[in-house]
Amino acid sequence: MNNITRVISNLEFVKEVDAVEAIKTNYRRAIQERLHDLTALKLSCGGKSKTATNSYPKSKVSHGIPENIIVFDTATLMSKLDIDNEFDFWNALLRGISNPIMDRLNIDRICDENDIPVLSEKILSKIRSAYNESKERDDDLSVFLEKILREKWFGESNKTVEDLLGAFYHCDNIRIELYAQVIAYYSYVLGVSSGCLAFVVLTHELAHAYTMAGYDINSCRGELLCSYYDKYIIEGLAQYYTEAVCKQLEISLPGVSDTFLKLRDGQRAPYKDYQNWLGSGSFDHERFRKDLMVFRGSVKSFDPALW
Ligand SMILES: [Zn+2]
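Bear in mind that the values here come from a model prediction, so they are computed numbers and not experimental data. (Residues numbered from 1 in each chain as written. Predicted model: local features only at pLDDT ≥ 70, side-chain atom pairs only at ≥ 80, totals over all residues.)

Engineer: Now, about the overall build of the chain: what can you tell me, with residues and values included?
Structural biologist: Assigned secondary structure in the chain consists of 12 helices and 6 strands. Within the chain, buried positions represent 37% of all 307 residues. Considering only intrachain contacts with a sequence separation of at least 6, the fraction spanning at least 24 residues in the chain is 75%. (Helix = DSSP H or I, 4+ residues; strand = E, 2+ residues; numbered from the N terminus. Buried ≥ 20, exposed ≤ 12 C-beta atoms within 10 Å, placed from the backbone. Contact = placed C-beta atoms within 7 Å.)

Engineer: Kindly report on unusual backbone geometry, identifying the contributing residues and their values.
Structural biologist: Keep in mind that most residues, glycine aside, have a negative phi and that most peptide bonds are trans. For D82, which is not glycine, the phi torsion reads 60 degrees and is therefore positive. Turning to its location among the elements, D82 is positioned in the loop between α2 (74–81) and α3 (86–95).

Engineer: Any details on the sheet that holds strand β5 (residues 166–169)? Residues and values, ideally.
Structural biologist: Strand pairs in the sheet, formed through backbone hydrogen bonds, run parallel or antiparallel to each other. Taken in spatial order, the 4 strands make up an open sheet running β3-β6-β5-β4, and their pairing is mixed. Only two strands of the sheet have a single partner each, and these edge strands are β3 (67–70) and β4 (160–162). Averaged over all adjacent pairs, the angle separating strand axes in this sheet is 15 degrees, with direction ignored. Relative to strand β6 (residues 175–179), β5 runs antiparallel, the two being bridged by 4 bridges. Bridged to F168 within β6 is I176. Strands in contact with helix α7 (residues 180–190) are β3 and β6; relative to β6, the strand with the most contacts, it is inclined by about 45 degrees. (Pairing = 2+ DSSP bridges. Axes fitted to C-alpha atoms, helices over the stretch in contact; angles between N-to-C directions.)

Engineer: So what's going on with the pairing of β5? Residues and values would help.
Structural biologist: On β5, burial covers both faces: G166 and F168 on one face and A167 and Y169 on the other are all buried. Pairing analysis gives 3 bridges linking β4 to β5, with the strands arranged antiparallel. Looking at β5, one finds that T160 is bridged to Y169. The hairpin formed by β4 and β5 contains 3 residues between the paired strands. The hairpin formed by β5 and β6 contains 5 residues between the paired strands, and N173 there has a positive phi angle of roughly 50 degrees.

Engineer: Just give me the short version of the confidence of the model for the chain, but keep the residues and values in it.
Structural biologist: Model confidence for the chain is summarised by a mean pLDDT of 82, while 79% of its residues fall at 70 or above. Here residues 98–106 is a poorly scored stretch, pLDDT under 50, and it has 14 contacts once near neighbours within four places are set aside; other chains count. A low-confidence stretch, residues 113–117 stays under pLDDT 50, and its non-local contacts, those more than four residues away or across chains, total 14 contacts. (pLDDT = per-residue confidence, 0-100.)

Engineer: Please give an account of the packing of helix α1 (residues 10–39) against α7 that cites residues and values.
Structural biologist: The contact between α1 and α7 brings their axes to 8 Å, and the two run at 120 degrees. In terms of their interaxial angle, α1 and α7 are classed as oblique. As for the relative orientation of α1 and α7, their crossing is right-handed in sense. The residues of α7 that touch α1, namely those facing F13, E16, V17 and V20, are A180, Q181, I183, A184 and S187. Considering only residue class, the contact of α1 with α7 consists of 6 nonpolar, 2 polar and 1 charged. (Parallel < 35°, antiparallel > 145°, perpendicular 65-115°, else oblique. Left-handed = near helix turned anticlockwise from the far one by under 90°. Nonpolar A, V, L, I, M, F, W, Y, C, P; charged D, E, K, R; others polar.)

Engineer: Go over the pairing of β6, please, and point to the residues and values.
Structural biologist: For β6, the tally of buried residues reaches 4 of 5 residues, placing the bulk of the element in the interior. Bridge analysis of β3 against β6 gives 4 bridges, and the strand direction is parallel. Within β6, the position partnered with E67 by the bridge is I176.

Engineer: Hey, could you go over the nonpolar core for me, with residue numbers and the actual values?
Structural biologist: In terms of nonpolar packing, the biggest core is built from 73 residues, with V20, L178, I183, Y185, L197, A198 and V200 touching the most fellow members. It is helix α8 (residues 194–213) that contributes the most residues to this core, 13 residues altogether. Contacts of A198, omitting those with residues within four sequence positions, involve A19, V20, I23, L178 and I183. (Core = buried A, V, L, I, M, F, W, Y, C linked by C-beta atoms within 7 Å.)

See the structure below:
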């Protein structure tokens, strides 16, 4: 158990939540330009598009992929449960479950060092009871609570790439979601600004979007949409490009590279394994781009025109 050293007020927490939207507004264009440069892919297509398996052109114009900042309606539930402090709500929800999900063990170790307030079993049990009693569970918060409380996190899916801090829906209604309160919460856990953490998460989800749903120069989106995937490769590609973009834009937003490394420290193997791909340890964007094209099914590895 941690010692309570300070209370994070709702006002302070909301400021960190609001910073997530500001990062999207101020940096999405720069991040997208970097990802376009690195992958030679783009999110929008002004003309005809086709898949790798179906070369039939479709007369469809794509205007990009929406990035939705999700701010869960916690006020209603907290009021109903007589919970005053939003940080305590997220602290209990994200750290209070006995059977850890994702990377909580490592994150908890970091928490201990940062003296995050003690988790409240009482709050978690209130949230759990309210969730079990609720009948309508199709709002954003209920869907998220189900993932956490019923441990439906990280099920392999042919429609979604789920990260705790954000998600990429790559089949129906293709879109990115960033979970602003979760980002704000973990910014305290990691000892970083929520702006920097939002930048890292936005870049990571955009990297999923470019690698899995980007259009190549032939207007081809590859074969990864709506398909089962290898988590190590999908997350590895996103992490590789996220690290590269953080390094390139560090001068614009100091601290993003450090934030990326602190987050990665607490993540599971699929988010770390790509470091073994680097060989000598240096980036090789052209080699990665070619491997990416093969994985997307856009080209065959033995295509003499490319290799
Ligand atoms: Zn991911």
